[in-house]
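Structural description and commentary
The primary structure of each chain is shown beneath.
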Amino acid sequence: MDRSLLRPRPTIDPPPMIGRPFGGFDPIEYSRSTRGRRHAAAMLVVALLVVLAFQLFPIQNVTLVTGDTTVQVRSTFGDEQEALDAAALDLAPGDRVLVARTGNQAALAVQRAMPVVVHADGARIEVRTRARTVAGALALANVEIGDGDRIYVEGSRTAPGHELGGLVPGLVSAASDAQPLRIEVVRALPEVPVTDSTAASSLPPDAEVAPALEAVPARRILSVLVDPNAWRPIESSPPPDMEALFRAVAALPARVLITVNIGGQVDRLRIAADRVEEVLAQLDVELGEHDRISHPLDAAVIADMEIVVLFIEKVVEEYIEYTEPTIYWRDDHTLAPGEVRLVEGTPGEVRVWEEVTYENGAEISREPHSALVLSEPISGERLRGPVADDGVSPVVVDDYDGPYTQKLRVWATWYNATHGWAPPGHPGYGITFTGVPLEYGICAVDPDFIPLGTRFYVPGYGECLAADTGGLINGYDIDLGFPEGHPPEPWHTGYVHIYLLD
């Protein structure tokens, strides 16, 4: 076949269409518009999903509290674990998370468990606990406490009911990386059985005692050398040194179980003592002058005895006590009618000594011991404006019709010996400026306006002698004298007319 022959050129005209053809149809433009509508629909769906997610899982402000640290984070979906991850906090075994929500606010409190190491019965037990007491921590470690057992927390003797350090109710506990708290349980030794009454008797003179026993006090041997298995029946004869040891231990005084309450600290223990004073000596308790004890010191110690020691302390405490000043009412014509002004006084000071008695550190009584007056109180005044705007006081009836040389309108007040500068018992108490004693009929004046020695008549009061002065008596002011035993408020302060008699 000849390959050079020309083949017919394929046509590019559109194939014939059945029916009515589309006018001006462009397939490229159609593809672009379709993709645009699809993109818009997809964006609309994403927007709706975002709005729905914010409605179902709104953004929350989360406050995270752990130990003494407070952290605030924002959690999109309200997940507690997400808030802990945002604050870079990890939970350890025994930790607890407390959650509280209000609106779009949330608070998480992380209570950390305390690491505790318990040493008991030769074992070391590590636990993490939120228990408040020592007994709770021991219960978590599956350690039981028997009579006579002793508990030490960080080397200090304590009781099962005492609170663990760092776990105070109502507060967030210590951080998880804190040093473990060490609790040690020391078991009580068992009772020494006595099968023969002669076993507890003293050793014979020719008995051999091991050199170790001669160097150690007898009462300390039981807690150091005795093994509980030593009291089991022995099939064969022990070596000579062990036999001497058994006989020496059998001769030790018997221990009894007693309860002691030393200054409010209750303990139950086994002790080898014959009298109460020996118990106090072994516990290093010294009685003071005022301390009290439930039993005489020479009383015999018996099983289940309860010995109570009260520490009594008597001290003299000193403090300053203040005495309030007396406030007197006085009308002041320089004030407007109805106006009131307070001139404060000065409190007095008294140094007081009291004898206070404390029992086991708690105050039980307080008795006066002595007192010293450092300063007397200085009285104050409550000033008030006159009753009437002008004229004389309406309560005073001006009924004088006798002879006089001059009529004056004055502001009249009253006073007695307690208003003076000298306190009771002072030689100057109740003595006026001219030296005469203050009594009814003696008045204080301003000598520049009414000379001393002037006699005048005051309606509602009577005849008066100008024999005294005063720092508050200025101008046409007079102060009417009254005896100290007169009823209170003997004169209504105000304006009056006085009549000079000479």
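The structure presented is a predicted model; accordingly, all values stated were derived computationally and were not measured. (Residues numbered from 1 in each chain as written. Predicted model: local features only at pLDDT ≥ 70, side-chain atom pairs only at ≥ 80, totals over all residues. Heavy atoms only, no water.)

**Focus on the overall build of the protein chain**
Counting secondary structure elements, the protein chain contains seven helices and 25 strands. If you take every contact in the protein chain between residues at least 6 apart in sequence, the share linking residues at least 24 apart comes to 63%. Of the accessible surface of the protein chain, which amounts to about 32400 Å², a share of 55% is contributed by carbon and sulfur atoms. (Helix = DSSP H or I, 4+ residues; strand = E, 2+ residues; numbered from the N terminus. Contact = heavy atoms within 4.5 Å. Areas by Shrake-Rupley, 256 points an atom, 1.4 Å probe, with all protein chains shown as cover.)

**Details of the confidence of the model for the protein chain**
Detailed reading of the predicted coordinates is not advisable wherever pLDDT falls low. Across the protein chain, pLDDT averages 75, with 63% of residues at or above 70. Per-element mean pLDDT across the protein chain ranges from 36 in helix α5 (residues 218–221) up to 95 in strand β21 (residues 442–445). Note on residues 166–176: pLDDT is under 50 here. Beyond four places in sequence and across chains, it has 26 contacts. Counting interchain partners and residues more than four positions distant, the pLDDT-below-50 stretch residues 192–236 has 44 contacts. (pLDDT = per-residue confidence, 0-100.)

**Topic: the sheet that holds strand β25 (residues 494–500)**
Judged by pairing direction, the barrel is mixed, and its six strands sit side by side in the order β20-β24-β21-β23-β22-β25 before closing back on the first. Neighbour to neighbour, the strand axes of the sheet diverge by 45 degrees on average, direction disregarded. (Pairing = 2+ DSSP bridges. Axes fitted to C-alpha atoms, helices over the stretch in contact; angles between N-to-C directions.)

**A short note on the sheet that holds strand β13 (residues 306–310)**
Strand order in this open sheet of four strands is β11-β10-β13-β12, and the pairing throughout is mixed. At either end of the open sheet lies a strand with only one pairing partner, and these are β11 (265–271) and β12 (292–293). By the bridge criterion, four bridges tie strand β10 (residues 256–262) to β13 in an arrangement that is parallel. Looking at the pairing, N261 lines up with V308 of β13.

**Observations regarding unusual backbone geometry**
Backbone geometry at D304 places phi at a positive 60 degrees, although glycine is not the residue there. Summarising the element assignment, D304 is placed in the loop between β12 and β13. A relative accessible area of 56% means that D304 is categorised as exposed. At N360, a position not held by glycine, the phi torsion is positive, near 55 degrees. Secondary-structure assignment places N360 in the loop between β17 (348–359) and β18 (362–375). (Buried < 20%, exposed > 50% of the residue type's maximum accessible area, 1.4 Å probe, protein only.)

**Structural notes on the pairing of strand β24 (residues 477–481)**
Where a strand is regular, its side chains alternate between the two sheet faces. Counting buried positions along β24 gives five out of five residues, so the element sits mostly inside the fold. Here β24 shows two buried faces, one formed by D477, D479 and G481 and the other by I478 and L480. Relative to β24, strand β20 (residues 406–415) runs parallel, the two sharing five bridges. The partner of A412 across the bridge, within β24, is I478. When β21 meets β24, the two strands line up antiparallel, connected through three bridges. Bridging across to β24, V445 finds its partner in I478.

**With respect to the packing of aromatic side chains**
For any pair of aromatic rings, the description consists of the separation of the ring centres together with the inter-plane angle of the planes. All told, the structure shown has ten aromatic pairs when counted by the stated rule. Feature note: the residues Y400, Y404, Y457 and Y499 constitute an aromatic cluster, connected by ring pairs. Above the ring of Y495, the side-chain terminus of R409 is found at 3.9 Å from the ring centroid. (Phe/Tyr/Trp six-rings, centres within 6.5 Å; stacked < 30°, edge-to-face > 60°. Lys NZ or Arg CZ within 6 Å of the ring centre and 35° of its normal.)

**What about the nonpolar core?**
Residues F456, V458, Y461, I478, L480, W491 and I498 are the most contacted members of the largest nonpolar core, which totals 19 residues. For this core, the leading source of residues is β20, giving four residues. One finds V127, A137, A141 and V185 within the second-largest nonpolar core, a separate group that totals 16 residues. (Core = buried A, V, L, I, M, F, W, Y, C linked by side-chain atoms within 4.5 Å.)

**A word on the pattern of salt bridges**
Where charged atoms from two side chains of opposite charge come close, those side chains can pair. Scanning the model with the defined rule gives 13 salt bridges in all. Where E277 meets R275, a salt bridge forms, and the shortest distance between an N and an O atom there is 2.6 Å. On the accessibility criterion, E277 (32% relative accessible area) is partly exposed. Under the relative-accessibility criterion, R275 is labelled partly exposed at 36%. A salt bridge links R455 to D502, with the nearest nitrogen and oxygen atoms 3.0 Å apart. Here D502 lies in the segment after β25 and R455 lies in strand β22 (residues 455–458), a separation of 47 residues in the sequence. Through salt bridges with shared partners, one network takes in E317, E354, E363 and R366. (Salt bridge = Lys/Arg side-chain N within 4 Å of Asp/Glu carboxyl O.)

**Observations concerning the environment of A113**
Structurally, A113 can be placed in the loop between β4 (105–111) and β5 (114–120). Separated by 16 residues in the primary sequence, A113 and T129 have C-alpha atoms spaced 4.9 Å apart.

**Overview of a nonpolar patch on the surface**
Where nonpolar side chains cluster on the molecular surface, the patch consists of I320, Y322, L372 and L374 and spans about 360 Å² of accessible area. Taken together, the elements giving at least two residues each to the nonpolar patch come down to β14 (312–323) and β18. Relative to the assigned elements, L372 resides in strand β18. On the basis of relative accessible area, L372 is assigned to the partly exposed category, the value being 44%. (Patch = residues over 30% accessible without salt bridge, like charges linked within 9 Å, V, L, I, M, F, W, Y side chains within 5 Å.)

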